[in-house]
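Listed below, chain by chain, are the residues.
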Amino acid sequence: MNIIKVDNINDKNISEFLSLKDKSLALSNTIIVETEKVVLKLLNSNTEVIKLFVNPDFIDRHSELLSKLSIDIYAADKEVMQEIIGHNLHHGVMALARRPEYISLDELQDKVLILNGLTSPENIGTIVRNCAAFNINSIIIDKRTCSPYVRRCIRVSMGNIFRVKVYKSNDLKSDLKKLQSLGHRVISTANQEGAIDLPKYSFPKKSCVIIGSEGHGIEKDILEVSDDIIRIPIDDTVAHLNAACSSSIFLYQLSQ
């Protein structure tokens, strides 16, 4: 292990870890991963890790795993790490990694989850975790959806973002038509008149399920191109479930 001692937070070697903002990282296609459990998921994935910034206890606990890495490991005592803004978020274990590449449309598997205009990092992170839980490993995000690779999304996903593949669509309607031509059935989820109750619906082998935005649901032109619209039968006075909550119900049925 190439362990480099850090004595103060002004060390230029750890500059990437000092800001909670993602803009500068996005330009370099890198991501920050934080907390011990999430960093361990990263280290056990195929994602390229550039460097680690951790406390000595982490090194002691995971020396066998770390000894297999050919990267720089920067170590600082608890007192130094506490000076960093957001210390309570990362708990003294952070990694800088290369952001995974978005896949192409033809790399998607038979079962796909599509996010249409979701903006909450918490919801997206939870949805990614739900996908991994039910072995739905292909996700499409449109240009209005928050990247699942921002720090908060990665953390909320508990590192499961490194288990799924993501396609980023710049023209969702056009991509849905391409998927339909390849045999996928496009299925929107909306609690509206005429929607099929989920218990009565059988998912085809090649299914694309769309979850709409937190405040407005699925866009009208996306609903129009959909083959089916399904709903979770709930009390009418509730009207809608949280996007992440409803995704887990749809994903369970999709996985059967």
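What this report covers is the structure whose coordinates are included nearby. Values in this document were obtained by computation on a predicted structure and should not be read as measured data.

Description of the sheet that holds strand β3 (residues 49-54)
Spatially, β1-β4-β3-β5-β2 is the arrangement adopted by the five strands of the open sheet, whose pairing is mixed. The outermost strands of the open sheet, each flanked by one partner alone, are β1 (2-5) and β2 (30-34). Within this sheet the neighbouring strands show an average axis-to-axis angle of 20 degrees, counted without direction. Pairing between β2 and strand β5 (residues 93-98): five bridges, direction antiparallel. Of the residues in β5, the one forming a bridge with E34 is M94. Running over the sheet, helix α2 (residues 36-43) touches β2, β3 and β5 and is turned about 35 degrees from β5.

Details of helix α11 (residues 243-255)
A rise of 1.5 Å per residue sets the reference length of α11, with its 13 residues, at 18 Å; its end C-alpha atoms lie 18 Å apart and thus fit the reference within 8%. Among the residues making up α11, those that are buried are A243, A244, S246, S247, F250, L251 and L254. Considered in projection along α11, the buried side chains sweep an arc of 150 degrees and stay on one side of the axis. In this structure, the buried residues of α11 make contact with β6 (111-116), α7 (121-133), β9 (185-189), β11 (207-212) and β12 (228-231). One side-chain oxygen at the N-terminal end of α11 lies 2.8 Å from the backbone nitrogen of A244; it belongs to N242.

Scoring rules and cut-offs
- Residues numbered from 1 in each chain as written.
- Predicted model: local features only at pLDDT ≥ 70, side-chain atom pairs only at ≥ 80, totals over all residues.
- Heavy atoms only, no water.
- Pairing = 2+ DSSP bridges.
- Helix = DSSP H or I, 4+ residues; strand = E, 2+ residues; numbered from the N terminus.
- Axes fitted to C-alpha atoms, helices over the stretch in contact; angles between N-to-C directions.
- Contact = heavy atoms within 4.5 Å.
- Expected span 1.5 Å × (residues − 1).
- Buried < 20%, exposed > 50% of the residue type's maximum accessible area, 1.4 Å probe, protein only.
- Arc of directions from axis to C-beta.
- Polar contact = N/O pair within 3.5 Å; in protein donor to acceptor, adjacent residues only side chain to side chain.

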